[in-house]
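Spelled out, the chains give:
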Amino acid sequence: MVVLGIESSCDETAAALVADDRRILADTIFAQIAEHTPFGGVVPEIAARAHLDHLDETIAAAMRQADMKFADVDAVAVTGGPGLIGGVIVGVMMAKAIALAHKKPFIAVNHLEGHALTARLTDDVAFPYLLLLVSGGHCQLLVVEDVGRYQRLGATIDDAAGEAFDKAAKLMGLGFPGGPAVAAAAAQATNPVRDLPRPMKGRDDCNFSFSGLKTALRQRVEAMRAADAFDDATRANLAAGFQAAVVDCLIDRTRHALEIARAAHPRLSALVVAGGVAANQHLRGALQQLATRYDLPIVAPPPRLCTDNAAMIAWAGIERLRRGETSGFDYAPRPRWPLDSTAPALAGAGVKA
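This text gives an overview of the structure that appears in the document.

Definitions and cut-offs
- Residues numbered from 1 in each chain as written.
- Predicted model: local features only at pLDDT ≥ 70, side-chain atom pairs only at ≥ 80, totals over all residues.
- Heavy atoms only, no water.
- Patch = residues over 30% accessible without salt bridge, like charges linked within 9 Å, V, L, I, M, F, W, Y side chains within 5 Å.
- Areas by Shrake-Rupley, 256 points an atom, 1.4 Å probe, with all protein chains shown as cover.
- Salt bridge = Lys/Arg side-chain N within 4 Å of Asp/Glu carboxyl O.
- Helix = DSSP H or I, 4+ residues; strand = E, 2+ residues; numbered from the N terminus.
- Buried < 20%, exposed > 50% of the residue type's maximum accessible area, 1.4 Å probe, protein only.
- Pairing = 2+ DSSP bridges.
- Core = buried A, V, L, I, M, F, W, Y, C linked by side-chain atoms within 4.5 Å.
- Contact = heavy atoms within 4.5 Å.

Turning to a nonpolar patch on the surface, a few remarks are in order. Among the surface-exposed residues, Ile-85, Ile-89 and Met-93 lie close enough to one another that they form a single nonpolar patch of about 260 Å² accessible area. The topology assignment puts Met-93 in helix H3 (residues 85-102). The class of Met-93 is partly exposed, set by a relative accessible area of 48%.

Quick look at the pairing of strand E5 (residues 106-110) now. Of all five residues in E5, five are buried, a share of seventy percent or more. Side-chain alternation along E5 places Phe-106, Ala-108 and Asn-110 on one buried face and Ile-107 and Val-109 on a second face that is also buried. With five bridges joining them, strand E4 (residues 75-81) and E5 adopt parallel strand pairing. Note that in E5 the partner of Thr-79 across the bridge is Val-109.

If you look at the biggest cluster of nonpolar residues, it comprises 55 residues, and the most contacted ones within it are Leu-130, Val-134, Met-172, Phe-210, Phe-242, Leu-250 and Leu-287. With 13 residues, helix H8 (residues 232-264) is the largest single contributor of residues to this core. Look past the residues within four positions of Val-134 in its chain and what remains in contact with it is Cys-139, Ala-161, Leu-250, Val-273, Ala-274, Gly-275, Gly-276, Val-277, Ala-278 and Leu-283. By size, the runner-up hydrophobic cluster in this structure holds 36 residues, among which are Val-3, Ala-14, Ala-119 and Trp-315.

Shown next as structure tokens:
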């Protein structure tokens, strides 16, 4: 079985073809970095128009890469939400058109489920496992019990980790996207700042908060600029301190979630990290140490499959098809789509969880 996956929820226009034996036959991405760099972040209207401009050719490139025609495809899977609604609409309408024209099943996939199940595509991880999902728009800890069965243990109540990196990079004049820019600057640090706050650390719940850390960084940058003391070395040391603070928060919250998950699921199979921030090598190293303490394997997909991509959407479609699940052509794109619909609502940006 081969599924065409389409992803357009944010600023990556992507298409992929994936087989049910876990082979990625094609994986194409048009990155919109050039479109959004002048603004220091993703502009929803620009993103939607870029998807319109590039999705046709991105899909065609995937078909050429796999040397396949639509007749060879068994189904079409697409991100149906959550995400920037303009981009989601573009992808959903394209997927419906292909599925209708070629009489193929259509599957609307939760973008977060794509991230959640990537470890099963790359490493065939068994259920249940603990997932740290960290991206530009989402920061959650979930027990992945099965396809469609997720228990949210914690989520951000304000900024997501990736969002915090983007804002920090903009404050320090490091460019966009923020995560790689901060990591590159941090690698040049000679005396990393060590006194930035670690919000929520040690709390009884598993929630995250990064707005206070971002505010502390802004105040530090403004004070240094006012004193004419904000040079490249200072910028690198601040970047290293900010990165360390974010990672410390993520590790503390994940450690607490592991305790809770292990108590409910003694046969927890792995600690999995997914989402764009999962590409951060400092975070991966810290998670490896944490997993070793709990005698669990750490599963971190290749960086290309951590950021938004269509291979994960195709794979989630395969997981759904195996269970006989498809979507109707009356499916409506969703800007919000929680994985755990039974979890209590959170304030602020937590509504995205």
